[in-house]
Amino acid sequence: MCRRRQVRTIFKRCNHAVTAPDEEVRCDSTQCIFSPNHPASCAGDACKKRCWQYRPAPQQYTEEKETYCPYCAAAGCR
C-alpha cells in the first residue's frame with residue numbers, strides 16, 4: 001500500500017536537525033486506491049470492500065551525518 005516517508009537528518013558537527021519534506025512511496029498494487037495501478041473501473045462498494053482506502057502511518061527514520069547542516073555550512077562553519 002502507498003505511504004509517506006519522513007526523513008530527519010541530524011548533523012553531528014553542529015547538532016542541528018533538518019526534516020526533509022514528506023516523500024510519497026507508491027506501491028504497485030491494484031488494490032490500493034492511491035496506486036497508479038488501481039483500475040479506474042474499480043469503484044463503489046466493491047472497491048471499498050476490496051481495496052485499501054487509507055494510507056497507514058508514515059514511515060519515519062533518522063539518519064546521522066558527520067558534517068555541518070546546510071545552514072551552518074552556508075554561514076561558513078568549517
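Scroll up a little and you will see the structure.
The following refers to the structure shown. (Residues numbered from 1 in each chain as written. Predicted model: local features only at pLDDT ≥ 70, side-chain atom pairs only at ≥ 80, totals over all residues. Heavy atoms only, no water.)

The next point concerns the side chain of T9. Within the fold, T9 resides in strand β1 (residues 3–11). Within the structure, T9 has its side chain in polar contact with the side chain of E63 (distance 2.7 Å). Residues within four places of T9 in sequence aside, it is in contact with H16, A17, V18, E63 and K65. (Helix = DSSP H or I, 4+ residues; strand = E, 2+ residues; numbered from the N terminus. Polar contact = N/O pair within 3.5 Å; in protein donor to acceptor, adjacent residues only side chain to side chain. Contact = heavy atoms within 4.5 Å.)

Our focus in this paragraph is the side chain of S35. Tracing the sequence through the fold places S35 in the loop between β3 (23–25) and α1 (44–50). Residue class for S35 comes out buried when judged on its relative accessible area of 6%. Within the structure, the side chain of S35 is placed 2.8 Å from the backbone oxygen of S29, a separation counted as a polar contact. Residue contacts for S35: discarding those within four places in its chain leaves C2, C27, D28 and S29. (Buried < 20%, exposed > 50% of the residue type's maximum accessible area, 1.4 Å probe, protein only.)

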